[in-house]
Amino acid sequence: IPGARDGFLFGLQLGVLVWGAEVLGLASVTTADPLLLAGWFAGQSVEMGVAGAVAGMALAGARLSRLFVLALLAALGLAVITVVMQSLGFAPAVRIQG
């Protein structure tokens, strides 16, 4: 599926199917909070969409070095967003008690 848009839509659809099944399975066998499961579902579905967009761009003939730089910058940007969200209390870090 060449093209960023078509690749994203395919990846998003695949992510919804795969992560929908995963979340249903986790909901049936764990005591995980439903809000956490919903967050995993949404985040992983979008992540699969982004992977589809990158694959679609590669299939459309985009330079792989450019795709690598874009993917690296996206990963670093999302890491920064995660740290900011944790600092502001939107995504508190999990503390494991020993």
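Look a little higher up for the structure.
Structure report, in brief.

Conventions used here
Residues numbered from 1 in each chain as written. Predicted model: local features only at pLDDT ≥ 70, side-chain atom pairs only at ≥ 80, totals over all residues. Heavy atoms only, no water. Axes fitted to C-alpha atoms, helices over the stretch in contact; angles between N-to-C directions. Helix = DSSP H or I, 4+ residues; strand = E, 2+ residues; numbered from the N terminus. Parallel < 35°, antiparallel > 145°, perpendicular 65-115°, else oblique. Left-handed = near helix turned anticlockwise from the far one by under 90°. Contact = heavy atoms within 4.5 Å. Nonpolar A, V, L, I, M, F, W, Y, C, P; charged D, E, K, R; others polar. Salt bridge = Lys/Arg side-chain N within 4 Å of Asp/Glu carboxyl O. Buried < 20%, exposed > 50% of the residue type's maximum accessible area, 1.4 Å probe, protein only.

**A look at the packing of helix H2 (residues 34–59) against helix H3 (residues 64–88)**
Inference 1: In contact at an axis separation of 10 Å, H2 and H3 are set at 165° when each is read in the N-to-C sense. Judged by the inter-axis angle, H2 sits roughly antiparallel to H3. Helix-helix and strand crossings are classified by hand; for H2 and H3 the assignment is right-handed. Where H2 approaches H3, its residues Val-54, Met-57 and Ala-58 are matched on the opposing element by Leu-64, Arg-66, Leu-67 and Leu-70.
Inference 2: Classifying every residue of the contact of H2 with H3 gives six nonpolar, no polar and one charged.

**Notes on the pattern of salt bridges**
Inference 1: With the rule as written, the count across this model stands at one salt bridge.
Inference 2: Residue Arg-5 is joined to Asp-6 by a salt bridge in which the shortest nitrogen-to-oxygen separation is 3.7 Å.
Inference 3: The class for Arg-5 is exposed, based on a relative accessible area of 62%.

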